[in-house]
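Results of the structural survey
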2 protein chains.
Amino acid sequence: MNKSFSDKLIEKIKAKGNPICVGLDPRLDKIPAFIKRKAAYEAKDNPFTAAAEAIIGFNKAIIDEVCDLVPVVKPQIAFYEIYGHEGVRAYEETLKYAKKKGLITIADAKRNDIGSTAEAYAKAFLGEVTIFEGEENEIITPIFDADAITVNGYLGVDGIKPFIEEAKKYDKGLFVLVKTSNKSSCDLQDVPLADGMSVYEFMGHLVESWGADDISDCGYNFVGAVVGATFPQQAAKLRKIMLNTIFLVPGYGAQGGTAEDVKPCFNKDGLGAIVNSSREIIFAYEKMPEFGEAQFAKASRKACENMIKDLSIIFK
Amino acid sequence: MNKSFSDKLIEKIKAKGNPICVGLDPRLDKIPAFIKRKAAYEAKDNPFTAAAEAIIGFNKAIIDEVCDLVPVVKPQIAFYEIYGHEGVRAYEETLKYAKKKGLITIADAKRNDIGSTAEAYAKAFLGEVTIFEGEENEIITPIFDADAITVNGYLGVDGIKPFIEEAKKYDKGLFVLVKTSNKSSCDLQDVPLADGMSVYEFMGHLVESWGADDISDCGYNFVGAVVGATFPQQAAKLRKIMLNTIFLVPGYGAQGGTAEDVKPCFNKDGLGAIVNSSREIIFAYEKMPEFGEAQFAKASRKACENMIKDLSIIFK
């Protein structure tokens, strides 16, 4: 039998000795000039291809430096879609390369739709797709082939089920938005319900119920939750509601969350959450003159090492 | 001064004499064999390119047939992303072709994220993006260049603001999910709040407030709402809350909504909503043997004409 997503994830976290997820959210204006020059030269006249190649080159260098240190990477697809289909090609290449280097990959896409449409997303990101080759022959192939995807649960369970089904079939996972890290997440998520809960707690209960039947050996299931580092009190409440749910925790670092802030996202065993940092790791070179542009990936490695130290109060 | 999105939309609806949006949600297994054969032949060995070309060929034929009849098309990006970056290229081509044919385009993408990430989506779908050409030269170019995008408001206003800003800058629009057409939209959206409203009504108030400052000559603003045809009672409530908001109404046709059901989505002037139909129009040939595969686009035209007749109880 194949290992479940949660078993693979927890195993990888234990092997690396930290719960860090590196957010691969490239921005062309922050990619070192020498990488962009090389990409532009190779792409000749196509600026979109040049952008895609610059992103691929940047990401691969960072993946090479951090793949022995951390268990997970999470490329945010908005920063690829912004360059259209060539950007999406860079997204595919990034996921493929990270997988090849032994990292667990989370497609941060926050996809959501009604059932029949969610099924198309689920197949694209987690499963396999039927296409045709030549005149009549069908082929079945993965497309993005991420290990997990982030999704938005506003549409209720029938928009989530297709992701659960593909996840089950291919030993993948999903992370449903529960309490997001941004300031105005309170606009809707903190609104009190008639029964005394807040919207985010209600969503927490929903997510917990969606994964309840699939708890694997490690004690967790493959239906995770996104819980921001910027709201430690709310995270503590959710941790109690969702004992067997893995939290994907954004908001550490650039968004203001500290190691103390992410503590409530973990269970007492030091497990149950992965903590994401994007900008502070991938653009670390900007704040580390000892490395500079030329050694930007080494700076990212150093930033990972610093984060591992910082989080050691939780995960020893 | 340029016309606002809502003025352009209302004008187009009046000119065509109907509020119909054709959902361009292709499925490879439903695209006529002769189109797929041609695409496969032209794409030679690449099945992804073949899939993309088949979709482009299928969509263009339908756009050609319906562009004089209806005001709006709405390609759902999941059905393109399922073929990876080549599918996304087909998405770009579809939007471009529909625009060229004078149609208003809505990118049905339901994107959502924290502010800095939502900004990347907003620029990609509605605005312009800076990329580089050659060694140092920057170029600024639109990417998807849709007239409007669907978004999910679970993250609150700071995830919506970037879309509003790009929409303002480029005379575009957005449609925020309020009450979706799927059965389990009740899971979260119908939950009662402490103050007596339901979650969907609360979201309706939020959306109404986000657009309140930007009502244009036609009486509507560019921050629209997605309100499913399958819940007429809830739609009636929302219509009262959101007088100046344009509703994008999915769920008519294949999902079960009738002309009577969509009636409450409209204001008394017969305006204020656009009604989407996807499968029943684009795959109409399956149910119209008088056309058959060879004339699939003519069948789509016929299905549009039928829908125009059906909706004439609202829009005369």
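Let us look at the structure shown here. These numbers were taken from a predicted model, which means no experiment stands behind them.

**Some words on helix α7 (residues 157-170) of chain B**
Turn by turn, an α-helix covers 3.6 residues, leaving residues three or four places apart pointing in a common direction. Residue and element names in this part refer to chain B. The end-to-end C-alpha distance of α7 is 20 Å, a good match for the 20 Å that 14 residues give at a rise of 1.5 Å each. Taken as a whole, α7 has its buried residues at Gly159, Ile160, Pro162, Phe163, Ile164, Glu166 and Ala167. Just past α7, the residue Asp171 takes up positive phi, approximately 55 degrees.

**Notes on the sheet that holds strand β6 (residues 148-151) of chain A**
Hydrogen bonds along the backbone pair up the strands of a sheet, which may run parallel or antiparallel. All names here are of chain A. Strand order in this closed barrel of 8 strands is β1-β2-β3-β6-β7-β8-β9-β10, and the pairing throughout is parallel. The mean angle between the axes of side-by-side strands here comes to 30 degrees, regardless of whether they run parallel or antiparallel. One ladder, built from 3 bridges, connects strand β1 (residues 20-24) with strand β10 (residues 273-277); its direction is parallel. Bridge assignment links Ile20 to a residue of β10, and that residue is Val275. Sheet strands touched by helix α13 (residues 296-311): β1 and β10. Its angle to β1, the strand with the most contacts, is close to 145 degrees.

**Points about the relation of the copies chain B and chain A**
Superposing chain B onto chain A takes a rotation of 180 degrees plus a shift of 0.0 Å along the axis, which leaves an RMSD of 0.0 Å. The symmetry that links the two subunits is that of a two-fold axis. Counting the interface residues of chain B, we find that 100% of their copies in chain A are interface residues as well, pointing to one common contact surface.

**Quick look at the packing of helix α2 (residues 33-43) of chain B against helix α3 (residues 47-66) of chain B**
All names here are of chain B. It is the contact of α2 with α3, at a shortest axis distance of 8 Å, that shows an interaxial angle of 135 degrees. Here α2 is positioned oblique relative to α3, judged by the angle of their axes. Helix-helix and strand crossings are classified by hand; for α2 and α3 the assignment is right-handed. Contact with α2, carried on its side by Ile35, Lys36, Lys38, Ala39, Ala40, Glu42 and Ala43, involves Thr49, Ala50, Glu53, Ala54, Gly57 and Phe58 of α3 and no other residues of that element.

**As for the nonpolar core**
With 229 residues, the main nonpolar core has A:Val176, A:Val249, B:Leu174, B:Val176 and B:Val249 as its most contacted residues. Here A:Val176 is in contact with A:Val151, A:Gly153, A:Ile160, A:Val207, A:Val223, A:Ala225 and A:Val226, once residues within four sequence places are set aside.

**Notes on the sheet that holds strand β7 (residues 173-179) of chain B**
All names here are of chain B. Sheet architecture is closed into a barrel: 8 strands sit in the order β1-β2-β3-β6-β7-β8-β9-β10, paired in parallel fashion. Direction aside, neighbouring strands of the sheet carry axes that sit 30 degrees apart on average. Bridge count between β7 and strand β8 (residues 223-227): 5 bridges; the pairing is parallel. Each residue of the ladder has a partner; that of Val176, found in β8, is Ala225.

**Section: the interface of chain B and chain A**
Interface extent is often summarised as the accessible area lost during association of the parts. Listed by partner, the interface residues are 63 residues for chain B and 63 residues for chain A. It is helix α6 (residues 115-125) of chain B that contributes the most residues to the side of chain B that touches chain A, 6 residues altogether. Class assignment for the residues of the side of chain B that touches chain A results in 34 nonpolar, 16 polar and 13 charged.

Calculation criteria
Residues numbered from 1 in each chain as written. Chains lettered and ligands numbered in written order. Predicted model: local features only at pLDDT ≥ 70, side-chain atom pairs only at ≥ 80, totals over all residues. Helix = DSSP H or I, 4+ residues; strand = E, 2+ residues; numbered from the N terminus. Expected span 1.5 Å × (residues − 1). Buried ≥ 20, exposed ≤ 12 C-beta atoms within 10 Å, placed from the backbone. Pairing = 2+ DSSP bridges. Axes fitted to C-alpha atoms, helices over the stretch in contact; angles between N-to-C directions. Contact = placed C-beta atoms within 7 Å. Least-squares fit on C-alpha atoms with pLDDT ≥ 70 in both. Parallel < 35°, antiparallel > 145°, perpendicular 65-115°, else oblique. Left-handed = near helix turned anticlockwise from the far one by under 90°. Core = buried A, V, L, I, M, F, W, Y, C linked by C-beta atoms within 7 Å. Nonpolar A, V, L, I, M, F, W, Y, C, P; charged D, E, K, R; others polar.

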